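Architecture at a glance
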Amino acid sequence: MTMQTQAADYVNALPVHDARILTGENGLAHIRLNDQLYTLRITRAGKLILTK
C-alpha cells in the first residue's frame, strides 16, 4: 500500500457533515466541545467561520 493510498483511506474513513444542513436556513449553528460553545457560520461568500 502506498502512502497516497493510505492517506486516501484515512480521509474516506472520516465522517462527512453538510454545513448547510448543520446550519439550517439562517446559516448558523452552535457546536459544543466540553464546556465551550462555538458558533459555525456560513458567510455570504460561501466560506465557513468558526468562532468562540
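Cut-off values and rules
Residues numbered from 1 in each chain as written. Predicted model: local features only at pLDDT ≥ 70, side-chain atom pairs only at ≥ 80, totals over all residues. Heavy atoms only, no water. Pairing = 2+ DSSP bridges. Helix = DSSP H or I, 4+ residues; strand = E, 2+ residues; numbered from the N terminus. Axes fitted to C-alpha atoms, helices over the stretch in contact; angles between N-to-C directions. Buried < 20%, exposed > 50% of the residue type's maximum accessible area, 1.4 Å probe, protein only. Polar contact = N/O pair within 3.5 Å; in protein donor to acceptor, adjacent residues only side chain to side chain.

Here the focus is the sheet that holds strand β2 (residues 36-42). In space, the three strands of this open sheet follow the order β1-β2-β3, with antiparallel pairing throughout. Of all the strands in the sheet, the pair left with one neighbour each is β1 (28-33) and β3 (48-51). Direction aside, neighbouring strands of the sheet carry axes that sit 25° apart on average. Inspection of the sheet shows β2 paired to β3 by four bridges, in the antiparallel sense. Residue pairing for β3: Leu40 is matched across the bridge by Leu50.

Next up on the list: the pairing of β2. In terms of strand pairing, β1 meets β2 through six bridges, oriented antiparallel. Looking at β2, one finds that His30 is bridged to Thr39. Here β1 hands over to β2 after two residues, with Asn34 in that stretch at a positive phi of 55°.

Attention shifts here to unusual backbone geometry. Backbone geometry places Asn34, a non-glycine residue, at a positive phi of 55°. With respect to the secondary-structure elements, Asn34 resides in the loop between β1 and β2.

Attention now moves to the side chain of Thr23. Among the secondary structure elements, Thr23 is positioned in helix α2 (residues 19-23). Looking at Thr23, the relative accessible area reads 3%, which means it is buried. In terms of polar contacts, Thr23 uses its side chain to reach the backbone carbonyl oxygen of Ala19, at 2.9 Å.

Looking now at the environment of Arg20. By secondary structure assignment, the location of Arg20 is in helix α2. For Arg20, a relative accessible area of 58% gives the class exposed. Considered as a pair, Arg20 and Gly46 are 26 residues apart in the sequence and their alpha carbons are 10.0 Å apart.

It is worth stressing that arrangement in space is one thing and function is another; only the former is reported here.
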